[in-house]
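Letter by letter, the chains look like this.
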Amino acid sequence: MLGTVLLLALALTQPACPSPAGAASRRAEALKRLLEVFGMEDAPPSPAHFKQPPQYMVDLFNTVANADGVTKNPDILEGNTVRSFLDKTHSEKMRFFFILSSVAKNEKILMAELHLFRLWPRATSGPKRHHFCQVSVYQVLGKSKPDVPGGKRLLAARLVSLQDAGWEVFAITQAVRDWTEDESSNQGLLVMVQGPDGSPLDPPLLQFASGRDHHESKKPMLVLFTDDGRRGASLPVAGFPGGSHMPVAKLTGPRSTRSLDRLQPCQRHPLSVDFEEIGWSGWIISPRGYNAYHCKGSCPFPLGENMRPTNHATVQSIINALKLSEGVSSPCCVPDKLYSINLLYFDDDENVVLKQYDDMVAGSCGCH
């Protein structure tokens, strides 16, 4: 993917076409290809009004990635995508409904969690004072009332403390898998609060924040951990305007300086990708851009260990230096270690998504 990003960066920054129409067409094609690198057909629209992303998603991004989006630890996420959905019922009753139309058909559901914010419990006194209550989460199975026989299926149940407020997380993976396989089966979730022994409580001692009457930061949320199977598959360059012979950025300065630059040993150089300059800052939350880096320099004979050559590159360098075979060039300076980056962004439905993309940053360069 990094090679594609480099070519796109050159196309976006270099006025390769003399006419304004040609330059605009080239830029549009470059942006289209860059969207394909990020697994999108079109750029999501910017939210109509300012939206604060869920703090959970912001904290997860900061745990997984550094400020530039580069992955800190590739083993933190099991898949490569985390999607968040806010409740659409806006009801005081403990019924919840999430629209999952943005989940792609090729995404494998690895884990699904219901996040509910537990409000401060009502004060109780007397001999029947409770310290815990039982919270049960059900999948609603039909359009009729869930109280009828066979109207709901238990997904998760546990005792919850009545001593404080905070987030509770319930695993509901099977229900979400059912919904993604058959969209019409999505009739939402029902949450019930009972005594520790399962006895009814009227009124319930525990309540969760609703999507209607509470702050955005406390709204009910569904979080999906998925994987779309993408693993560093670079896009073909041949179809890009200019093909594999796309011109490189125009060099400036004295000829002697350019010649000296070509004689510099193989090493890593900065390559900034600025999402604001591209026009994507409205829907990308973090990062604002990142340094992809690129590799440039010569691989002269003899290749030292500091150039991190492969055995094949060492042999090729010897053959080239001794002129033992015609048409054998010297090894090339290329990335020999690649890192993934992470994007936190709003999708088409203004849901917040965290997605990891492989092979986007040159970690180091070597002669290959």
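Residues numbered from 1 in each chain as written. Predicted model: local features only at pLDDT ≥ 70, side-chain atom pairs only at ≥ 80, totals over all residues. Heavy atoms only, no water.

The following threshold applies: UniProt positions are given in the numbering used here, feature names are shortened, and annotations may be inferred rather than shown by experiment.
As annotated in an unreviewed UniProt entry, the protein carries the name BMP2 protein and comes from Nyctibius bracteatus. Checking UniProt for the protein, the heading Subcellular location (unreviewed entry) contains the comment "Secreted".

**Remarks on the overall build of the protein**
Put simply, the rule is: Think of it this way: any DSSP run of H or I at least four residues long counts as a helix, any run of E at least two long counts as a strand, and we number them from the N terminus. A 1.4 Å probe rolled over the protein chains alone gives each residue an accessible area, and that area as a share of the maximum for its type sets the label: buried under 20%, exposed over 50%, partly exposed in between. Only the protein chains shown count as covering a residue, and every accessible area follows the Shrake-Rupley method with a 1.4 Å probe.
Per the secondary structure count, the protein includes seven helices and 15 strands. Of all 368 residues assigned to the protein, the portion counted as buried reaches 43%. When the accessible surface of the protein is summed, it comes to about 19,800 Å², and 54% of that surface belongs to carbon and sulfur atoms.

**Comments concerning the pattern of salt bridges**
To be explicit about the condition: Just to be clear on terms, a salt bridge is a Lys or Arg side-chain nitrogen sitting within 4 Å of an Asp or Glu carboxyl oxygen.
Counted under the stated rule, the structure contains nine salt bridges. E29 is the partner of R33 in a salt bridge, and the nearest nitrogen-oxygen pair spans 3.4 Å. A residue pair is termed a helical-turn pair when its members lie 3 or 4 positions apart in one helix, as R33 and E29 do in helix α2 (residues 20-37) at four residues. R33 gets classed as buried once you look at its relative accessible area, which sits at 15%. The exposure class assigned to E29 is partly exposed, which follows from its relative accessible area of 24%. Three or more residues are tied together by salt bridges with common partners; here these are R118, R158, D164 and E168.

**Here we look at the side chain of T226**
Rule in force here: Under the rule applied, a polar contact is a pair of N or O atoms within 3.5 Å (in protein, one hydrogen donor and one hydrogen acceptor; residues adjacent in sequence only if both atoms are side-chain atoms). Contacts: residue pairs with any heavy atoms within 4.5 Å of one another.
Mapped onto the fold, T226 is located in strand β8 (residues 221-227). Reaching out from T226, the side chain makes a polar contact with the side chain of E107 at a distance of 2.5 Å. Discounting residues that sit within four places of it in the chain, T226 has contacts with G79, N80, T81, E107, K108, I109 and L110.

**Focus on the packing of aromatic side chains**
Note the following rule: Ring geometry is summarised as follows: Phe, Tyr and Trp rings, the Trp one being its six-membered ring, pair when their centres sit within 6.5 Å, and such pairs are stacked at plane angles under 30 degrees, edge-to-face over 60 and tilted between the two. Cation placement over rings: the criterion is NZ of Lys or CZ of Arg within 6 Å of the ring centroid and within 35° of the ring normal.
Counted according to the given criterion, the structure contains eight aromatic pairs. Seen in terms of ring centroids, F275 and W280 are 6.2 Å apart; in terms of plane orientation they differ by 15 degrees. Their pairing is stacked. Of the two residues examined, F275 and W280, each falls in the buried class. Where W280 meets W283, the ring centres are 5.4 Å apart and the plane angle is 45 degrees; that geometry is what we call tilted. On the basis of relative accessible area, W280 is assigned to the buried category, the value being 4%. We classify W283 as buried; its relative accessible area is 2%. Joined through ring pairs, the aromatic side chains of F38, F275, W280, W283, Y290, Y345 and Y357 make up one cluster. Over the ring of Y138 we find K152; its NZ or CZ atom is 5.2 Å from the centre of that ring.

**A short note on the sheet that holds strand β14 (residues 333-346)**
Where strands meet in a sheet, backbone hydrogen bonds hold them as pairs that are either parallel or antiparallel. Keep this limit in mind: Strand pairing follows a simple DSSP-based rule, namely that at least 2 bridges must link the two strands. Here, axes are lines fitted to C-alpha atoms. For helices the fit covers the stretch in contact, and angles between N-to-C directions go from 0 to 180 degrees.
Within the open sheet, the seven strands sit side by side as β6-β3-β8-β1-β15-β14-β11. Their pairing is antiparallel. At either margin of the open sheet sits one strand with a lone partner, and together these are β6 (166-171) and β11 (284-286). Mean inter-strand twist for the sheet, computed between neighbouring axes without regard to direction, equals 30 degrees. Pairing of β14 with strand β15 (residues 352-367) involves 12 bridges; the strand directions are antiparallel.

**Regarding the environment of Q139**
With respect to the helices and strands, Q139 occurs in strand β4 (residues 132-140). With a relative accessible area of 3%, Q139 lands in the buried category. A sequence separation of 37 residues divides Q139 from V176, and the C-alpha atoms of the two residues are 9.4 Å apart. Not counting the four nearest positions on each side in its chain, Q139 is found in contact with G151, K152, R153, L155, A175, D178, W179, G188 and L189. In terms of polar contacts, Q139 uses its side chain to reach the side chain of R153, at 2.6 Å.

**Comments concerning unusual backbone geometry**
Cis peptide bonds are those with omega within 30 degrees of zero, and the linkage from S286 to P287 qualifies with -5 degrees. In this structure, P287 sits in the loop between β11 and β12 (289-291). At Y293, a position not held by glycine, the phi torsion is positive, near 60 degrees. Its location among the elements puts Y293 in the loop between β12 and β13 (294-296). Given the relative accessible area of 22%, Y293 is considered partly exposed.

**Section: the state of the cysteines**
Selection rule: Whenever a pair of cysteine sulfur atoms sits within 2.5 Å, that pair is classed as a disulfide.
Applying the stated criterion across every chain, the model contains three disulfides. What pairs with C266 in a disulfide is C333, and their sulfur atoms sit 2.1 Å apart. Looking along the S-S bond of the C266-C333 disulfide, the torsion reads about 75 degrees, which is the right-handed sense. In this pair, C266 sits in the loop between α5 (255-263) and β9 (267-269) while C333 sits in strand β14, placing the two residues 67 residues apart along the sequence. Residue C333 is classed as buried on the basis of its relative accessible area of 14%. One disulfide in the model links C295 with C365; its S-S distance is 2.0 Å. Taking the torsion about the S-S bond as the criterion, the C295 to C365 disulfide, at about -80 degrees, is left-handed. You can see C295 sitting in strand β13 and its partner C365 sitting in strand β15, a full 70 residues away along the chain.

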